[in-house]
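As a plain string of letters, each chain reads:
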Amino acid sequence: MTATLDGLVDTLKAAAETSRLRILALLSRGDLTVSDLTEILNQSQPRVSRHLKLLLDAGLIGRYQEGSWAYFRIADGDTARDFVHGIVGRVNARDPQIERDLERLASVKRRRQARAAEYFSANAASWDEIRSLHASDRAVEAALLKLVGKRPFQSMLDLGTGTGRLLEILAPLYRRGVGIDMSREMLAVARANLDKAGIANAQVRQGDIYAPPVERDSFDLVTIHQVLHYLDDPALAIGEAARLLRPGGRLIIVDFASHALEFLREEHAHMRLGFSDRQIADWFAEAGIELEDSQEFEPRGGSEARLTVKLWLGRDRRQLIAEPVRAGERETA
């Protein structure tokens, strides 16, 4: 979105209408479908669609497809997001129309959470069986948070986001978070969890991990948590993740160490029975990623028949190459 005089006037015109301003206020709190907005605004679908088109043409919002559903969100660009949040932040939250909109939005989100809870409970037994075999999620998350550090950063991408847990625990650090998953059911769970946690700076969308619907060179942190073992080509997924990193960006993978639990392949659709440090290091190197750290989490009880969780941290090499050579290193060279 340009800052030319004419461009700015067009943008202001697009936002300067009551219904469109209400839409921006709603989308600043999370992604919504046309049906959601029609229900909340109590307007016809053609009318809502017309408002959305004007906002799309102005570059204030974005659209993405998820099966037969189309979701709308605040545009990804920093300029557009700052503009929208600046305007929405000046709207009185106690305005009667805004209060009614937020009440209806809360109703929409409650229904999302109910559907997500139903799906989660239907699959909980399967997930709990696997969780019982490895270190607690809390221990792994604590190590991940320590590794990422407390310094804020611009953008995060979680590939195979599942329940959206990593987007949730890292939300205080990033300005913009995106989660990608192929499963619409899991995306419903993730949206419900993010809504419940009050996280508005993250969004989730449907997409293939081999071809994520996001721009390359756009993210400071990319995470792949307990996903690689479901893939037939983990190296390709790592290579794609590397292309999405900004120079010097970090890639974190959490998965299982090599193991021999064949029932996970037969009963839980695991394509790979874990990974060795050498495998990950080689795939990182092929993708232009420098392996900086790896950590290991022993299974509960320490049984050899259980799963060891591994955490691997890599960094995009482009920043390493760009750094000036120290005087001593220059002399040695």
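What this report covers is the structure whose coordinates are included nearby. In this text the structure is predicted, and so the values were computed from the model without any measurement.

1. A short note on the overall build of the protein chain
For step 1, the next point in the chain: When helices and strands are counted, the protein chain shows 14 helices and 10 strands.
For step 2, the next point in the chain: In the protein chain, which comprises 333 residues, the share counted as buried stands at 47%.
For step 3, the next point in the chain: Across the protein chain, the fraction of contacts at a sequence separation of at least 24, relative to all contacts at a separation of at least 6, is 68%.
For step 4, the next point in the chain: When the accessible area of the protein chain is evaluated, it comes to approximately 16500 Å², of which 50% is carbon and sulfur surface.

2. Comments concerning the nonpolar core
For step 1, the next point in the chain: Leu144, Val148, Met156, Leu170, Tyr174 and Ile252 are the most contacted members of the largest nonpolar core, which has 31 residues in total.
For step 2, the next point in the chain: Elements with a minimum of two residues in this core: α7 (137-148), β4 (153-159), α8 (165-169), α9 (184-196), β6 (202-206), β8 (245-256) and β10 (309-316).
For step 3, the next point in the chain: For Leu144, the residues in contact, after removing those within four places along its chain, are Leu166, Leu170, Ile252, Val254 and Leu311.
For step 4, the next point in the chain: The next biggest cluster of nonpolar side chains, apart from the first, holds 27 residues, and it includes Ala15, Val34, Val48 and Ile61.

3. Points about the packing of helix α2 (residues 18-27) against helix α4 (residues 45-57)
For step 1, the next point in the chain: It is at 10 Å that the axes of α2 and α4 come closest, and there the two elements cross at 75°. Considering the angle they form, α2 stands roughly perpendicular to α4. Touching Ser19, Arg20, Ile23 and Leu24 of α2 are Arg47, Arg50, His51, Leu52, Leu54 and Leu55, all from α4.
For step 2, the next point in the chain: Residues of the contact of α2 with α4, tallied by class, amount to five nonpolar, two polar and three charged.

4. Let's talk about the sheet that holds β8
For step 1, the next point in the chain: Pairing in this open sheet of seven strands is mixed, and the strands run β6-β5-β4-β7-β8-β10-β9 from one edge to the other. Lying at the two open borders of the sheet, with one neighbouring strand each, are β6 and β9 (289-297). Each neighbouring strand pair of the sheet contributes to a mean axis angle of 15°, computed without reference to strand direction.
For step 2, the next point in the chain: Here strand β7 (residues 219-225) pairs with β8 via six bridges, running parallel. Its bridge partner being in β8, Thr223 is matched across the sheet by Ile252.
For step 3, the next point in the chain: On the sheet, helix α12 (residues 277-286) packs against β8, β9 and β10 and is oriented at approximately 20° with respect to β10.

5. Digging into the environment of Leu307
For step 1, the next point in the chain: Examined against the element boundaries, Leu307 turns out to sit in the loop between β9 and β10.
For step 2, the next point in the chain: Residue classification places Leu307 among the buried positions, given a relative accessible area of 0%.
For step 3, the next point in the chain: C-alpha separation for the pair Leu307 and His259, spaced 48 residues apart in sequence, amounts to 6.9 Å.

6. A look at the pairing of β8
For step 1, the next point in the chain: With 10 of 12 residues buried, β8 is to be regarded as a mostly interior element.
For step 2, the next point in the chain: Viewed along the sheet, the connection from β7 through helix α10 (residues 234-243) into β8 turns out right-handed.
For step 3, the next point in the chain: Here β8 pairs with β10 via seven bridges, running antiparallel. Looking across to β10, one finds that Ile252 is bridged to Leu313.

7. Brief notes about α9
For step 1, the next point in the chain: Taking 1.5 Å of rise per residue, 13 residues should cover 18 Å, and α9 covers 18 Å from first to last C-alpha, within 8% of that figure.
For step 2, the next point in the chain: Every buried residue belonging to α9 is among Met186, Leu187, Val189, Ala190, Arg191, Ala192, Leu194 and Asp195, and all of these are buried.
For step 3, the next point in the chain: Positive backbone phi, at 70°, marks Gly198, one or two positions downstream of α9.

8. Observations concerning the environment of Gln154
For step 1, the next point in the chain: Tracing the backbone shows Gln154 in strand β4.
For step 2, the next point in the chain: Residues in contact with Gln154, not counting those within four places in the same chain, are Asp78, Tyr174, Arg175, Arg176, Asp220 and Arg246.

9. Looking at the side chain of Asp31
For step 1, the next point in the chain: If you trace the backbone, Asp31 turns up in the loop between α2 and β1 (32-33).
For step 2, the next point in the chain: The charged side chain of Asp31 is buried without a salt bridge, its nearest counter-charge being Arg191 at 5.2 Å.
For step 3, the next point in the chain: Setting aside residues up to four positions removed in sequence, Asp31 forms contacts with Tyr64, Tyr71, Phe72, Arg73, Arg112, Gln203 and Val204.

10. Topic: the packing of aromatic side chains
For step 1, the next point in the chain: Scanning the entire structure with this criterion turns up one aromatic pair.
For step 2, the next point in the chain: Taking the centre distance of 5.8 Å and the plane angle of 70° together, the rings of Phe275 and Trp283 count as edge-to-face.
For step 3, the next point in the chain: What makes Phe275 buried here is its relative accessible area of 1%.
For step 4, the next point in the chain: Arg191 extends its terminal NZ or CZ atom over the ring of Tyr71, reaching a point 3.8 Å from the ring centre.

11. Some details on α2
For step 1, the next point in the chain: Where burial is concerned, most of α2 is hidden: eight out of the 10 residues are buried.
For step 2, the next point in the chain: By the burial criterion, the buried members of α2 are Ser19, Arg20, Arg22, Ile23, Leu24, Ala25, Leu26 and Leu27.
For step 3, the next point in the chain: Sitting at the head of α2, Glu17 places a side-chain oxygen 2.8 Å from the backbone nitrogen of Ser19.

Analysis parameters
- Residues numbered from 1 in each chain as written.
- Predicted model: local features only at pLDDT ≥ 70, side-chain atom pairs only at ≥ 80, totals over all residues.
- Heavy atoms only, no water.
- Helix = DSSP H or I, 4+ residues; strand = E, 2+ residues; numbered from the N terminus.
- Buried < 20%, exposed > 50% of the residue type's maximum accessible area, 1.4 Å probe, protein only.
- Contact = heavy atoms within 4.5 Å.
- Areas by Shrake-Rupley, 256 points an atom, 1.4 Å probe, with all protein chains shown as cover.
- Core = buried A, V, L, I, M, F, W, Y, C linked by side-chain atoms within 4.5 Å.
- Axes fitted to C-alpha atoms, helices over the stretch in contact; angles between N-to-C directions.
- Parallel < 35°, antiparallel > 145°, perpendicular 65-115°, else oblique.
- Nonpolar A, V, L, I, M, F, W, Y, C, P; charged D, E, K, R; others polar.
- Pairing = 2+ DSSP bridges.
- Right-handed = clockwise from strand over helix to strand, strands pointing away.
- Expected span 1.5 Å × (residues − 1).
- Lys, Arg positive; Asp, Glu negative; His and termini not counted.
- Salt bridge = Lys/Arg side-chain N within 4 Å of Asp/Glu carboxyl O.
- Phe/Tyr/Trp six-rings, centres within 6.5 Å; stacked < 30°, edge-to-face > 60°.
- Lys NZ or Arg CZ within 6 Å of the ring centre and 35° of its normal.
- Polar contact = N/O pair within 3.5 Å; in protein donor to acceptor, adjacent residues only side chain to side chain.

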